[in-house]
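Given next are the chains, with one letter for each unit.
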Amino acid sequence: TAKPRLFSGMQPSADSLQIGNYIGALLQWREMQRTHDAIFCVVDLHAITVAQDPAQLREATRRTAAQYIAAGIDPEQSTLFVQSHVSAHAELAWALNTITGFGEASRMTQFKDKSARHGADATTVGLFAYPVLMAADILLYDAEVVPTGEDQRQHIELTRNLAERFNSRFGETFVVPEAQIQKASAKIYDLQDPAAKMSKSASSEKGVVWLLDEPTATAKKIKSATTDSEGSVRYDSAEKPGISNLLTIYSALSGTDIAALEDQYAGRGYGDFKKDLAEVVTETFAPIRARVLELLSDPAELDRILAGNADKAAEIANATLARVYDRMGL
Ligand code: ADP
Ligand code: NA
């Protein structure tokens, strides 16, 4: 029997991934690629909805793909490609624009936030239509499952509405996808400010652990992470958010559950615990870092992998687009 189809997109970023992306997203995707027919897309067409530097964008797209491959997205087993390499994304987005209400699109809270952040002059029609392009990304592949963060729930809801609307107006065409919202237990917080989510853009300099950090820098950040004065290694996210965050990281990377870690460190101080955690993190990331550097040192090989995967994706996407055009009388 066919595995359920999964689609997930990621923004190209010049930054390294941070440990929250790794634990919150990548570890789950790596598991899911065994049980699903998984399609992962570096969404460079989404990236140009805000101002971009062309050379930097091209570099960010490669770096992002390299990191996902190095971290375990297998481009043989799954499909990992760059959005702009498959022209059906832009074409389906246009078709879907014509069945999207202006008022409906205006209600997207991400658009309101982003447009407030970038200012009226930088707010383009492209930024406004971003959620429709995202719907096209998902619907092109008949995706059943879309793993995503809570912040994307409204966009998945729009995708479902557009799929249902199209199906009822033009005949059964699209699979209506389900969002699979990330577990809160997989959420990682800023090491210096454990009330704030760790994030590429928002975290303090010492509060975020990057996949591509030097091991010594990683160890230093973990050793200076904010904890509390009680001194016992115990999970209590309300009263002890700092040590609880470190326990989450330790457990996710080692596969040892939190209760077992609490037993292991009973009667021992934070120093011991942090030293061991630093080792777990640097040992997890060392081979990934080496693989990223290897992939980036051979751009022709990376481009070859991405081109082959774009061909695999285009085969599915073009068939869907042909179905859509036919139904619409194009
Ligand atoms: P960032 O905030 O680093 O820019 P994105 O918003 O691009 O990350 O999210 C990429 C993926 O990583 C999403 O699936 C998101 O839910 C996940 N993610 C990002 N930060 C965290 C975090 N601190 N803890 C858990 N998952 C996270
Ligand atoms: Na973000």
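What counts, and where the lines are drawn
Residues numbered from 1 in each chain as written. Chains lettered and ligands numbered in written order. Predicted model: local features only at pLDDT ≥ 70, side-chain atom pairs only at ≥ 80, totals over all residues. Heavy atoms only, no water. Helix = DSSP H or I, 4+ residues; strand = E, 2+ residues; numbered from the N terminus. Rg over C-alpha atoms; globule rule 2.2 N^0.38 Å. Buried < 20%, exposed > 50% of the residue type's maximum accessible area, 1.4 Å probe, protein only. Contact = heavy atoms within 4.5 Å. Areas by Shrake-Rupley, 256 points an atom, 1.4 Å probe, with all protein chains shown as cover. Lys, Arg positive; Asp, Glu negative; His and termini not counted. Charge placed at Lys NZ, Arg CZ, Asp CG, Glu CD. Near = heavy atom within 4 Å. Polar contact = N/O pair within 3.5 Å; in protein donor to acceptor, adjacent residues only side chain to side chain. Nonpolar A, V, L, I, M, F, W, Y, C, P; charged D, E, K, R; others polar. Arc of directions from axis to C-beta. pLDDT = per-residue confidence, 0-100. Core = buried A, V, L, I, M, F, W, Y, C linked by side-chain atoms within 4.5 Å. Phe/Tyr/Trp six-rings, centres within 6.5 Å; stacked < 30°, edge-to-face > 60°. Lys NZ or Arg CZ within 6 Å of the ring centre and 35° of its normal. Salt bridge = Lys/Arg side-chain N within 4 Å of Asp/Glu carboxyl O. Axes fitted to C-alpha atoms, helices over the stretch in contact; angles between N-to-C directions. Parallel < 35°, antiparallel > 145°, perpendicular 65-115°, else oblique. Left-handed = near helix turned anticlockwise from the far one by under 90°.

Q: Please clarify how the overall build of the chain should be interpreted in this entry.
A: For the chain, the helix and strand inventory stands at 14 helices and 5 strands. Computed over the C-alpha atoms, the radius of gyration of the chain is 21 Å, within 12% of the 20 Å expected from 2.2 N^0.38 for a compact globule of 330 residues. Across the 330 residues of the chain, 49% fall into the buried class. Looking at the chain alone, contacts between residues at least 24 apart form 76% of all its contacts between residues at least 6 apart. For the chain, the exposed area adds up to about 15400 Å²; of that, 51% sits on carbon and sulfur atoms. In the chain, the 34 positive side-chain charges and the 44 negative ones have mean positions that sit 1 Å from each other.

Q: Explanation requested: the site of ligand 1 in the structure shown.
A: As a matter of local geometry, ligand 1 sits amid 13 residues, with Gln 18, Gln 182, Ile 188, Met 198 and Lys 200 nearest to it. Between ligand 1 and Asn 21 there is a distance of 3.1 Å, counted from an oxygen atom to a side-chain nitrogen or oxygen. Backbone polar atom of Ile 188 to a nitrogen atom of ligand 1: 2.7 Å apart, as the coordinates give it. The fraction of the free accessible surface of ligand 1 (540 Å²) that becomes covered by protein chains is 79%. Of the residues that constitute the shell around ligand 1, the class distribution is 4 nonpolar, 6 polar and 3 charged.

Q: Can you walk me through helix H10 (residues 215-223) in this structure?
A: Given 3.6 residues to a turn, an α-helix orients residues that are three or four positions apart in the same direction. For H10, the complete set of buried residues consists of Thr 218, Ala 219, Lys 221 and Ile 222. Within H10, the buried residues cover an arc of 165° as seen down the axis, which keeps them to one side. Pointing more than 90 degrees away from the buried face of H10 are the exposed residues Thr 216 and Lys 220.

Q: Sorry, what's going on with the confidence of the model for the chain here?
A: Considering every residue of the chain, the mean pLDDT works out to 95; 99% of them sit at 70 or more. Two numbers describe this predicted complex: its pTM, 0.92, and its ipTM, 0.95.

Q: Looking at this structure, how should I read the nonpolar core?
A: When a protein is soluble and globular, its nonpolar side chains tend to lie buried together. Counting residues in hydrophobic clusters, the biggest one holds 57 residues, and the most contacted among them are Ile 19, Tyr 22, Ile 249, Phe 273 and Val 281. Looking at which element gives the most residues to this core, the answer is helix H13 (residues 270-297), with 10 residues. By size, the runner-up hydrophobic cluster in this structure holds 40 residues, among which are Ile 99, Met 108, Phe 111 and Ala 313.

Q: Just checking my understanding: could you explain the packing of aromatic side chains for this structure?
A: In this description, a pair of aromatic rings is defined by centroid distance and the angle of the planes. Tallied over the entire structure, the rule returns 12 aromatic pairs. Considering the side-chain rings of Trp 29 and Phe 40, the 5.2 Å spacing of their centres and the 35° angle between planes classify their relative orientation as tilted. With Trp 29 in helix H1 (residues 19-35) and Phe 40 in strand E2 (residues 37-42), this pair connects stretches of sequence that are 11 residues apart. The buried category is assigned to Trp 29, whose relative accessible area is 7%. Ring centres of Trp 29 and Tyr 68 lie 5.8 Å apart, and the angle between their planes is 25°; on these two criteria the pair is classed as stacked. In this pair, Trp 29 sits in helix H1 while Tyr 68 sits in helix H3 (residues 54-70), placing the two residues 39 residues apart along the sequence. Feature note: the residues Phe 7, Phe 81 and Tyr 141 constitute an aromatic cluster, connected by ring pairs. Taking the ring centre of Tyr 130 as reference, the NZ or CZ of Lys 114 above it sits at 3.8 Å.

Q: Explain the pattern of salt bridges to me, please; I cannot follow it from the model alone.
A: Side chains bearing opposite charge may pair, as long as their charged atoms lie close to each other. If you walk through the whole model with that rule in mind, you get 17 salt bridges. Between Asp 37 and Arg 5 there is a salt bridge; the shortest N-O distance is 2.8 Å. Of this pair, Asp 37 sits in strand E2 while Arg 5 sits in strand E1 (residues 5-10), and the two are 32 residues apart along the sequence. Of the residues examined, Asp 37 reaches a relative accessible area of 27% and is grouped as partly exposed. When its relative accessible area of 16% is taken as the criterion, Arg 5 is described as buried.

Q: Would you take a moment to explain the environment of Ile 39 for this structure?
A: Within the secondary structure, Ile 39 is located in strand E2. Apart from the residues lying within four places of it in its own chain, the contact partners of Ile 39 are Arg 5, Leu 6, Phe 7, Ser 8, Thr 79, Phe 81, Tyr 141 and Ile 316.

Q: Explanation requested: the packing of helix H8 (residues 130-139) against helix H9 (residues 153-170) in the structure shown.
A: Between two packed helices, what matters for the description is the angle formed by their axes and the separation of those axes. For the pair H8 and H9, the least separation of the axes is 9 Å and the interaxial angle reads 65°. Between H8 and H9, the crossing angle belongs to the class labelled roughly perpendicular. Where H8 crosses over H9, the handedness of that crossing is right-handed. Contacts between H8 and H9 involve Tyr 130, Pro 131, Met 134, Ala 135, Ile 138 and Leu 139 from the first element and His 155, Ile 156, Leu 158, Thr 159, Leu 162 and Ala 163 from the second.

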